[in-house]
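Chains, contacts and geometry: an overview
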Amino acid sequence: TRQNSDEVQRLYRSAMQLDPDYAPAYSGLAYSLCLELKDGIATDSQNVELQMLENAQQGVRLDDGNPWCQVILGRAQQQLQEYDAAVIAYRKAVELCPSSAKAHFGLGFGLSTTGQFEKSIKSLNRAIELSPRDPMSWSFHTVKALTYIYSGDLENAAASSALSSSFANSNH
């Protein structure tokens, strides 16, 4: 909601004021802005896109060894349809933390948008394997279903879609 988005952004900005070198605060703000765009509650999309990218880049500048910051940079770039750049950030996140389901999910999502379907499925499967009980695993399966659709494999798309929609918290 608009109210939730405003509150979380206020908290991230407060964290940035308390510690201007705390990279996750910038990345968290960037992700909040990304969700604002995705959920259609941004009131000034152009300004939100600019703030999202600036904060994601600042998070990486402050700590380029933080895999979460790399994932958020990739997500921001993907939101802006900068797909090749997003894949680079996601690959860096996986390189930094090979056991991160979120990094593998991001990479799978990014690879799907660049038409690398086989690699995308492999990365998405790795995310699912690493975190089978992840509260967001429905989204892993949703992106997997979409990747199968894009690749023309409708049978696997239907199976992944059915699995995704079986999660109680699935929203796609």
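What counts and what doesn't
Residues numbered from 1 in each chain as written. Predicted model: local features only at pLDDT ≥ 70, side-chain atom pairs only at ≥ 80, totals over all residues. Heavy atoms only, no water. Phe/Tyr/Trp six-rings, centres within 6.5 Å; stacked < 30°, edge-to-face > 60°. Helix = DSSP H or I, 4+ residues; strand = E, 2+ residues; numbered from the N terminus. Buried < 20%, exposed > 50% of the residue type's maximum accessible area, 1.4 Å probe, protein only. Contact = heavy atoms within 4.5 Å. Disulfide = S-S within 2.5 Å. Core = buried A, V, L, I, M, F, W, Y, C linked by side-chain atoms within 4.5 Å. Salt bridge = Lys/Arg side-chain N within 4 Å of Asp/Glu carboxyl O.

What follows concerns the packing of aromatic side chains. Considering all chains together, one arrives at four aromatic pairs under this definition. Centroid distance Y31 to W68: 6.0 Å. Interplanar angle 65°. Geometry classified as edge-to-face. Placement of the pair is Y31 in helix α2 (residues 23-38) and W68 in helix α4 (residues 67-79), with a sequence separation of 37 residues. Judged by centre distance (6.5 Å) and plane angle (45°), the ring pair of F117 and Y150 falls under tilted. Here the residue F117 occupies a position in helix α7 (residues 117-130), and Y150 occupies one in helix α8 (residues 137-151), the gap between them amounting to 33 residues. F117 sits in the partly exposed class, given a relative accessible area of 24%. By way of ring pairs, the aromatic residues F105, F109 and F140 are connected into one cluster.

As for its position among the elements, L130 is in helix α7. The spatial distance from the C-alpha of L130 to the C-alpha of S100 is 7.2 Å, given a sequence separation of 30 residues. Those residues in contact with L130, other than ones at most four positions away along the chain, are P98, S99, S100, A101 and H104.

One pass over the structure, following the stated rule, counts zero disulfides. Unpaired in terms of disulfides, C34 finds its nearest cysteine sulfur in C69, a separation of 14 Å. The class for C34 is buried, based on a relative accessible area of 1%. Not engaged in a disulfide, the cysteine C69 finds its nearest cysteine sulfur in C97; these two sulfurs lie 13 Å apart.

M16, L33, L37, V48, M52, A56 and L73 are the most contacted members of the largest nonpolar core, which has 20 residues in total. Going through the elements one at a time, α2, α3 (45-62) and α4 are the ones with two or more residues in this core. Considering each element in turn, this core owes the most residues, eight residues, to α2. For M16, the residues in contact, after removing those within four places along its chain, are A25, Y26, L29 and N55. One finds A86, V87, Y90 and A93 within the second-largest nonpolar core, a separate group that totals nine residues.

Think of it this way: side chains of opposite charge can pair up when their charged atoms draw near. A full pass over the atoms with the stated rule returns six salt bridges. A salt bridge links K38 to D39; the shortest N-O distance between them is 3.0 Å. Among the residues examined, D39 registers a relative accessible area of 47% and is labelled partly exposed. The salt bridge partner of D134 is K102, with a shortest N-O separation of 2.9 Å. Here D134, found in the loop between α7 and α8, pairs with K102, found in helix α6 (residues 101-113); they are 32 residues apart in sequence, far enough to count as distant. Judged by its relative accessible area of 30%, K102 is partly exposed. It is possible to trace a salt-bridge network through shared partners that takes in R2, D6 and E36.

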